[in-house]
Every structure is written in structure tokens, then in C-alpha cells.
Amino acid sequence: MYKSGNRKVLSLILCAALTLGVYTPAMTKKVKAEGQAPVTATGPAVTPVNPADIKLNKTKGIFMAGKKVQLVISGTTNPVTWTSQNPEIATVSETGVVKGVKKGKTVIQASVDGVVRQCSVTIVAKMSKKDFGKFNGENFVSFCRRKGYTGGYAWTGQWKKKYKKKKSTYRKIKIDASKSKVEKAYGQLTWKKCTSKDPFTKMKGLKKNKVKTYANVNWGRYTIRFYLNKKKKVVAIILACNIKKIKKKALRGYI
């Protein structure tokens, strides 16, 4: 009776297994023969993210209102959530593009994989006609318009070792100002190496002061250009209308 009972129980277990679709050795052989992948209980591999690897390309910055700056998260490919603590000062897009709105300070935040990274942002005022005022006694923009240079070009400037009375730009930048002071006033700039292709670099006054790099701050067709020496000090400031069109003949007597 005991053995017969065991056989009945075993039969019921086998029937249940077949009904539920459990693979038998014979069925496994059939699957392999037909080129199908056997069913496994494991899911797709997941690579854990190390929070220390998640970094933001900028943790602080000074930008001008109206300008756009791209922030980038590295160390993960997962979606990033971008937010601005004060959108009235600076906004940020879904892809991390920050745009200055008006003067002030705020924080841009990136959240990903449970990790938060922040960039402290200072927005300086947008360029205006005032920026071309106090430099040379007469508003440069008004001068250019009065002389009819709006479609042509004009320039004025000063440099170290010539001008005893150092005049400043509207944002209080004078000769001998540091690079950091310039960027604190006008936002982070793109500094380029001085080359012979730039006619201003050939000017005797700029050569004497051994200019190394320069950066432009633009407002329409008007430009303020700051020249630095190797110590990253301002040694020349040029105001220009249509600076790209200025040729050697416009600098006659200076080069």
C-alpha cells in the first residue's frame, strides 16, 4: 500500500509539472535543437553608479544677463533633472543650458541617481550704451553716431606707459585691473592669444606693454576690448565700432 501510494503521489506531481509548463530534460533538448534560448531567472545586468564619479563641469560662475552657458554632468548617462532656485535671476533648460535674466545671484541644481550637484551663479547686468560713456569724456556711441561711423568704424583707447590719468569703463575697470576683476564686472570672457592678424596688437603702445591675450565684450556693433600682459593685468583698453572692419590705415601713426 505504501509503495502504491508513493507512485500515485509521484504521478500527480509529474502531471502538475507538465500542466504548469515546467521544463523537463527532454524539453530542454528540444529547445536547444530548435535554436531557442532557454528561459532563465536572471534579468539584465545593472552597472552601479558611484556618486563620487558624478560631477558638474562648473560649480560657480559669473555670467552676463542674456548670455547662455552650458552645464554638463559627467559620471552617468541617466536622465538629469535641472532646476533654478530663482528663475527670475537665471533659468536652466532640460539639457542644462543656463541663461542669465537679470542682475543677482542664484543656484542651479542638477539631480541624478539620487545625487545632487550645484552651481552658484552670479548674473551681471546686460551691456548697454552706458558701458561706452565715462571712458573718454564723451559717450563713444554718441560720438560714432554723430560722426557717421555706425556703418563704418571708429575706435578710441588707452594703454599703460602713455596715459597718466587712468580713465575707467562704466564698470570701474582701469589699466592695471586684474583679469578676475574684469570678469567680475563683465562676466566670464573668452580670452584669445594676441596674433599679428589683429591690427591693434601691432600698435606701438600695445607692443611696448607686451600684450599676451585679449577678450571682447560686445554690444551690437560696439566692442570693449581688454588686453592683458603675462601677469594677467590689463595694460590696454580699446573701444571700437565695427571692430572686425578696422584696418591698418585706421591706426596710422600708432603702428
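Thresholds applied
- Residues numbered from 1 in each chain as written.
- Predicted model: local features only at pLDDT ≥ 70, side-chain atom pairs only at ≥ 80, totals over all residues.
- Heavy atoms only, no water.
- Phe/Tyr/Trp six-rings, centres within 6.5 Å; stacked < 30°, edge-to-face > 60°.
- Buried < 20%, exposed > 50% of the residue type's maximum accessible area, 1.4 Å probe, protein only.
- Lys NZ or Arg CZ within 6 Å of the ring centre and 35° of its normal.
- Pairing = 2+ DSSP bridges.
- Helix = DSSP H or I, 4+ residues; strand = E, 2+ residues; numbered from the N terminus.
- Contact = heavy atoms within 4.5 Å.
- Axes fitted to C-alpha atoms, helices over the stretch in contact; angles between N-to-C directions.
- Patch = residues over 30% accessible without salt bridge, like charges linked within 9 Å, V, L, I, M, F, W, Y side chains within 5 Å.
- Areas by Shrake-Rupley, 256 points an atom, 1.4 Å probe, with all protein chains shown as cover.
- Salt bridge = Lys/Arg side-chain N within 4 Å of Asp/Glu carboxyl O.
- Lys, Arg positive; Asp, Glu negative; His and termini not counted.
- Charge placed at Lys NZ, Arg CZ, Asp CG, Glu CD.

Visitor: So what exactly am I meant to see when it comes to the packing of aromatic side chains here?
Guide: In this description, an aromatic ring pair is defined by two values, namely the gap between the centres and the angle between the planes. Per the stated rule, a full pass over the model turns up twelve aromatic pairs. Ring plane angle 35 degrees and centroid distance 6.3 Å describe the contact between Phe143 and Tyr149, whose orientation is recorded as tilted. For Tyr149, a relative accessible area of 31% corresponds to the partly exposed category. Ring centres of Trp159 and Tyr163 lie 5.6 Å apart, and the angle between their planes is 80 degrees; on these two criteria the pair is classed as edge-to-face. Taking the relative accessible area as the measure of exposure, Trp159 reaches 4% and is therefore buried. By way of ring pairs, the aromatic residues Trp155, Trp159, Tyr163, Phe200 and Tyr254 are connected into one cluster. For Lys162, the ring lying beneath its charged end belongs to Tyr163, and the centroid distance is 5.8 Å. Here the basic side chain of Arg225 rests over the ring of Tyr214, its NZ or CZ set 4.1 Å away from the ring centre.

Visitor: Could you clarify how one ought to interpret the sheet that holds strand E10 (residues 154–159) in this entry?
Guide: Within a sheet, neighbouring strands are paired by backbone hydrogen bonds and run either parallel or antiparallel to one another. Read across the open sheet, the five strands follow the order E10-E14-E13-E12-E11; overall the sheet is antiparallel. Edge positions in the open sheet fall to E10 and strand E11 (192–193), since each of these has one partner strand only. Relative to strand E12 (residues 213–219), E11 runs antiparallel, the two sharing two bridges. Following the sheet pairing, Lys193 is matched in E12 by Thr213. Sitting on the sheet, helix H4 (residues 179–186) is in contact with E12, strand E13 (222–228) and strand E14 (234–241), with an inclination near 160 degrees to E13.

Visitor: In this structure, what is going on with the pairing of strand E5 (residues 81–84)? I would like to understand it.
Guide: Note on strand geometry: in a regular strand, side chains alternate between the two faces of the sheet. Taking every second residue as pointing to the same face, the buried face of E5 carries Trp82 and Ser84, while none of Thr81 and Thr83 on the other face is buried. Sheet topology note: the E5/strand E8 (residues 104–112) ladder contains four bridges and is antiparallel. Paired with Thr81 across the bridge in E8 is Ser111.

Visitor: Even after reading the chapter, I still don't get unusual backbone geometry, so can you show me in this structure?
Guide: Negative phi is the rule for most residues except glycine; trans is the rule for most peptide bonds. Its identity is not glycine, yet Lys161 carries a phi of approximately 70 degrees, on the positive side. Taking the relative accessible area as the measure of exposure, Lys161 reaches 61% and is therefore exposed. A positive phi angle is found at Asp176, which is not glycine, with a value near 85 degrees. Positionally, Asp176 belongs in the loop between E10 and H4. You can call Asp176 partly exposed: its relative accessible area is 28%.

Visitor: What's the story with a positive patch on the surface in this structure? I'm lost.
Guide: On the surface, a cluster of positive charge is contributed by Lys161, Lys162, Lys193, Lys208, Lys210, Lys212, Lys230 and Lys231. Its location among the elements puts Lys193 in strand E11.

Visitor: Sorry if this is basic, but what is going on with the side chain of Thr201 here?
Guide: Along the chain, Thr201 turns up in the loop between E11 and helix H5 (204–208). Aside from chain neighbours lying at most four places away, what touches Thr201 is Cys194, Thr195, Leu206, Lys207, Val211 and Tyr227.

Visitor: Just checking my understanding: could you explain the pattern of salt bridges for this structure?
Guide: Any two side chains of opposite charge can pair, given that their charged atoms come close. In the structure shown here, the tally under the stated rule is four salt bridges. With its nearest N and O atoms 2.7 Å apart, the salt bridge here joins Asp131 to Arg171. Pair noted here: Asp131 is in the loop between strand E9 (115–124) and helix H3 (140–147) and Arg171 is in the loop between E10 and H4, with a separation of 40 residues, a long-range link. You'll find Asp131 and Arg171 in the same group, each marked buried. Among the salt bridges present, the one from Asp176 reaches Lys166, with a minimum N-O distance of 2.7 Å. With Asp176 in the loop between E10 and H4 and Lys166 in the loop between E10 and H4, this residue pair connects regions lying ten residues apart in the sequence. What makes Lys166 partly exposed here is its relative accessible area of 33%.

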